[in-house]
There are 2 protein chains.
Amino acid sequence: MASNAVFAEIAALAGDPARAGMLHSLMDGRALTASELARAGGITPQTASGHLAKLIAAGLLAVDRQGRHRYHRLASPAVARMMESIMAVASDATSSRRRIVVGPRDAALRAARTCYDHLAGRLGVALADALVAGGHMELGSDAGLLTDSGMALLGDIGMDVEGLFARRTGRLLCRPCLDWSERRPHLAGTIGAALCAHCFAEGWIRRSEGTRAVAITPKGQLRFRQAFGVTLS
Amino acid sequence: MASNAVFAEIAALAGDPARAGMLHSLMDGRALTASELARAGGITPQTASGHLAKLIAAGLLAVDRQGRHRYHRLASPAVARMMESIMAVASDATSSRRRIVVGPRDAALRAARTCYDHLAGRLGVALADALVAGGHMELGSDAGLLTDSGMALLGDIGMDVEGLFARRTGRLLCRPCLDWSERRPHLAGTIGAALCAHCFAEGWIRRSEGTRAVAITPKGQLRFRQAFGVTLS
DNA sequence: CGGATGCTACGGTGCGGGCCGAAGCATGAG
DNA sequence: CTCATGCTTCGGCCCGCACCGTAGCATCCG
């Protein structure tokens, strides 16, 4: 069966440490240059170039050329979901084998980070928990449902909830995403992405340079507590 | 970052053609012996033994020993989801590159097959479409919702819908799963799995030997048409 | 128009790992 | 007990590919 070979090819592409590092650094949804990706993978630019060519040929990455730079990004949300699902399995594996060593960089990532287009880490999990605890959302293992009070809450903080629901055929755009650090679900899907974008737009969180970690601003501290009852150190 | 290495290790395990073949043959949720998996991977038993040891050590497979046989199965639904998501990406890749060659075996798989624990292929997609068209279900890109009429319909065909909803905390156990052959969503999640199990229990479908393809029985033809308005050649 | 920068193409090296044959343990059958 | 079956371990072969150094194109700057 030919589909089997293609499957193995895709998985093998993600299975090289250097390429995995590059793909990881693209998980925040931004586009990076080949040099930046080389650093992310811990390899020289010429080696990275070869890897990138393969990833593009396989349809995992898309590229925008601007002048002498080439900005690479994940080709589709499907690729990001694949990465997430592999991370979930990897997380299962490590925790059952041995306690993993966590560095200082990991600490920031565990506190709050972006997961492709939505929020993850303790912040992401805390927000999801708060929404569920307040009766604003129901979250199963495979899907989530925003209640009327949840729609009202998101509207109160300034999100265009109606617009989100009007866009697609299905009414539910809310999906749990298993957090690899907290091992609990956080909020993904279109609503998760919109909430994340809103937090950036309102200045509640800010990207840290060169990492997927995000910092919570003082304003964010205040608003997360007011709106969701969430307090993070 | 250590998590990166673990990620690459998991992906690399899935990225070997022989191992990919073995994992694929386990996607119907059944447990197979080492010899059967060796055939599935197109390798000798001693080579398969090494591969299986790695897959078990990494937490991708679980094993039940019965007498002199060892039955291997996917360790968790998370592994099956990882496989599905890689297949989705692989499907994207091939279709954008070149029309794939389809063999006669593929034809049966495309008509109707199991996808870990639920139905896929034309049958799976047709059922999902029928449920949506009849107003029994709403299906977005990330989640699905069963309507009241949908619950009634499933109850009518003899499923214990109440029991499903009582089991978990979240109320929605309905999830779309992108079909790699039809490139359209079909019904997964707990409800998808229960519907599939019900179809087997009632004798509407039957497993074909040595493949994930399923055959629709004459009784199934009749009932699928009566209950869902679905007719398949 | 040079010179710097970002990226790619090519050639050669070295290591990891997939593969099988042969042999060694278990379990079950006769 | 003896043989057959299912699975694993060991040893050696060899292919594939990740890697880098060098060199060749593009693009922007002064």
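Our subject is the structure listed above.
What you are looking at is a predicted structure, and each value in this text was computed from that prediction instead of being measured.

Draft legend 1. Seen up close, the overall build of chain A. Looking only at helices and strands, chain A has 11 helices and 11 strands in total. The 233 residues of chain A split such that 52% are buried. Pairs at least 24 residues apart make up 55% of the contacts formed inside chain A by residues separated by at least 6 positions. As presented, chain A carries roughly 10,300 Å² of accessible surface, and 52% of it is formed by carbon and sulfur atoms.

Draft legend 2. How the structure looks around the protein's contact with DNA strand D. Around DNA strand D, a shell composed of 21 residues is seen, among which Q46, H51 and K54 of chain A together with S35 and S49 of chain B lie nearest. Near-protein atoms of DNA strand D (within 4 Å) split between backbone and bases, with sugar and phosphate holding 71%. Side-chain polar atom of R19 of chain A to a phosphate oxygen of DNA strand D: 3.4 Å apart, as the coordinates give it. The set of elements that each furnish at least two residues to the surface near DNA strand D consists of α2 (17-25) and α4 (45-57) of chain A together with α3 (34-41), α4 (45-57) and β3 (69-74) of chain B.

Draft legend 3. The arrangement of the packing of helix α3 (residues 34-41) of chain A against α4 of chain A in detail. Residues and elements named next belong to chain A. Closest axis-to-axis distance for the α3/α4 pair is 9 Å, and the angle between their directions is 100°. Judged by the inter-axis angle, α3 sits roughly perpendicular to α4. Residues A34, L37 and A38 of α3 form the contact with α4, whose own contacting residues are P45, A48 and L52. Taken together, the residues of the contact of α3 with α4 sort by class into 6 nonpolar, no polar and no charged.

Draft legend 4. Broad picture of the sheet that holds strand β1 (residues 32-33) of chain B. Residue and element names in this part refer to chain B. Reading across from one edge, β1-β3-β2 is the order of the 3 strands in this open sheet, with antiparallel pairing throughout. Each edge of the open sheet is held by one strand with a lone partner, namely β1 and β2 (61-66). As paired elements, β1 and β3 share 2 bridges and run antiparallel to each other. Each bridged residue has a counterpart across the sheet, and for T33 the counterpart in β3 is Y71.

Draft legend 5. Structural context of α3 of chain A. All names here are of chain A. Listed as buried for α3 are L37, A38 and G41. For α3, the buried positions fall inside an angular range of 105° around the axis, keeping them on one side. In this structure, the buried residues of α3 make contact with α2, β1 (32-33), α4 and β3 (69-74). Following α3 by one or two positions, G42 adopts a phi angle in the positive range, close to 70°.

Draft legend 6. Spotlight on the pairing of β3 of chain B. Residue and element names in this part refer to chain B. Relative to β3, β2 is paired through 6 bridges, and the arrangement is antiparallel. Considered in β3, the bridge of Q66 is made with H69. The antiparallel pairing of β2 with β3 creates a hairpin that spans 2 residues between the two strands, and G67 there sits at a positive phi of about 65°.

Draft legend 7. Up close: the protein's contact with DNA strand C. DNA strand C sits among 20 residues. The nearest are S35 of chain A together with Q46, T47, H51 and K54 of chain B. Of what DNA strand C places within 4 Å of the protein, 71% of the atoms are sugar or phosphate. Backbone polar atom of R70 of chain A to a phosphate oxygen of DNA strand C: 3.4 Å apart, as the coordinates give it. In this structure, a base nitrogen belonging to DNA strand C sits 2.6 Å away from a side-chain N or O atom of Q46 of chain B. If you list the elements that add at least two residues to the surface near DNA strand C, you get α3, α4 and β3 of chain A together with α2 (17-25) and α4 of chain B. With 4 residues, α4 of chain B is the largest single contributor of residues to the surface near DNA strand C. A class-by-class count of the residues in the surface near DNA strand C yields 4 nonpolar, 10 polar and 6 charged.

Conventions adopted
Residues numbered from 1 in each chain as written. Chains lettered and ligands numbered in written order. Predicted model: local features only at pLDDT ≥ 70, side-chain atom pairs only at ≥ 80, totals over all residues. Heavy atoms only, no water. Helix = DSSP H or I, 4+ residues; strand = E, 2+ residues; numbered from the N terminus. Buried < 20%, exposed > 50% of the residue type's maximum accessible area, 1.4 Å probe, protein only. Contact = heavy atoms within 4.5 Å. Areas by Shrake-Rupley, 256 points an atom, 1.4 Å probe, with all protein chains shown as cover. Near = heavy atom within 4 Å. Polar contact = N/O pair within 3.5 Å; in protein donor to acceptor, adjacent residues only side chain to side chain. Axes fitted to C-alpha atoms, helices over the stretch in contact; angles between N-to-C directions. Parallel < 35°, antiparallel > 145°, perpendicular 65-115°, else oblique. Nonpolar A, V, L, I, M, F, W, Y, C, P; charged D, E, K, R; others polar. Pairing = 2+ DSSP bridges. Arc of directions from axis to C-beta.

Nothing here speaks to function; it is geometry throughout.
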